[in-house]
Amino acid sequence: MPVSDKRKRRENFITALLIAGMCMVIGGTIIFVIKYNGQDNDVLELSAGMTESPGTGMPDESGAVMVTDVAETTEETTVATATPIPTDTPTPEPTATPVPTDTPTPSPTPKPEKLKSLSGYSAGDVISWDKIDRENLSDYFTSSSIEEGDSVYNRIYGKSYVSNSNIGLSDLRYLKMLHINFDGNYQVGEMIVNKDVAGEVLEVFEILCAEGYQIYSMYLIDDFWAGDGESSDWYSIDANNTSAFCYRPATGSGNLSKHALGRAIDINPQQNPYVTYNSDGSPKYSHDNASDYVSNRSSDTAHVITTSDRAYELLTNRGWTWGGSWSSPKDYQHFQKS
């Protein structure tokens, strides 16, 4: 066969293979390897493979197919498959460890400031325990003179105090102090006594307060004023009020009372009534609220004064006498000092 026919046949054969291969390519490129005899131009072997990378025997950018002739000696042409470049796997960022927060330390509850005195407080005012400086209880027991025109004078003049020849303002002292009321609370009290006994009265009532001795109330008798000393004394007693000075005669007598001189004190009069006795020995008393305490004078009864009572002990040790020791009348509330 003429050479030209062989070449033409070879070219037609290759062309057909190329067209068929290109039709089969999906997502890649067919690589043909053709071995043929350079002398006779006979095709010795034909093989094919696929690659994803362009190379020898691949269509170029213009779409033409590049075919490499084999040299005269038998040779094999191959196209290397490109190795994919590995992609770096992202390293996850470490989770941040939470920074522990300090637990706030609660602020201590501030302690209430202790009172330095009873300034600004009036008789009957109740004061909480946490405001009282028990180590300096004497700060709440004071004595002051009474001057004409001052606040105490204006309260008592023409009532419990009148101009007289027996006692003057300079002989009296106004006492302001604490006591424990029947509810067990600190309460402000007041009293007017003779200046000669003012110091020991403050001392006795401070001890009673420190020991928890209970006194119902402690107001000046002027707070119960009913027009005269005897009537006002009756209303003060009926209210179970502890009091001292009142310029008046003694109960049931025309003589001047020790109260008129500031030398007598009545303590818790409801539980410690003034009692007289009829000829048959039956008791007589003026206040109905005292009925439970006329005959029942047991020391086990709250607020009843007996010879074992703490007020009795403190006052009699300082020279005071107790009306409960009298044969008749019995004045269980009454202490006096000559």
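Everything below is about the structure printed above this text.
Since we're looking at a predicted model, the values are computed, not measured.

> Residues and numbers for empty space enclosed by the protein, please.
Using the criterion set out here, one finds two cavities of 30 Å³ or more in the structure. Taken as a whole, the second largest cavity holds about 60 Å³ of empty space. Taken together, Ser 160, Glu 190, Met 191, Ile 192, Tyr 219, Leu 220, Ile 221, Asp 222, Ser 243, Ala 244 and Phe 245 form the lining of the second largest cavity. Of the residues in the lining of the second largest cavity, the class split is seven nonpolar, two polar and two charged.

> I'd like a rundown of the layout of surface pockets, residues and numbers included.
Counted as a void, the largest pocket has a volume near 580 Å³. Along the walls of the largest pocket sit 28 residues, with Asp 233, Arg 248, Thr 251, Tyr 274 and Asp 331 positioned nearest its centre. Every element with two or more residues in the lining of the largest pocket is listed here: helix H4 (229–238), strand S8 (274–277) and strand S12 (334–336). In terms of residue count, H4 provides more of the lining of the largest pocket than any other element does, four residues in total. Along the lines of polarity and charge, the residues of the lining of the largest pocket split into eleven nonpolar, ten polar and seven charged.

> Just give me the short version of the environment of Val 204, but keep the residues and values in it.
Position of Val 204 among the secondary structure elements: in helix H3 (residues 195–210). Judged by relative accessible area, Val 204 falls into the buried class, the value being 1%. Through-space distance from the C-alpha of Val 204 to that of Glu 313 is 9.8 Å; in sequence the pair is 109 residues apart. Once residues within four sequence positions are removed from consideration, Val 204 is found in contact with Leu 314, Leu 315 and Arg 318.

Calculation criteria
- Residues numbered from 1 in each chain as written.
- Predicted model: local features only at pLDDT ≥ 70, side-chain atom pairs only at ≥ 80, totals over all residues.
- Heavy atoms only, no water.
- 1 Å grid on protein atoms, 1.4 Å probe; cavity = no way out; pocket = protein on both sides within 12 Å on 5 of 7 lines; lining within 4 Å.
- Points joined across faces, edges and corners; volume = space filled by probe spheres on them.
- Nonpolar A, V, L, I, M, F, W, Y, C, P; charged D, E, K, R; others polar.
- Helix = DSSP H or I, 4+ residues; strand = E, 2+ residues; numbered from the N terminus.
- Buried < 20%, exposed > 50% of the residue type's maximum accessible area, 1.4 Å probe, protein only.
- Contact = heavy atoms within 4.5 Å.

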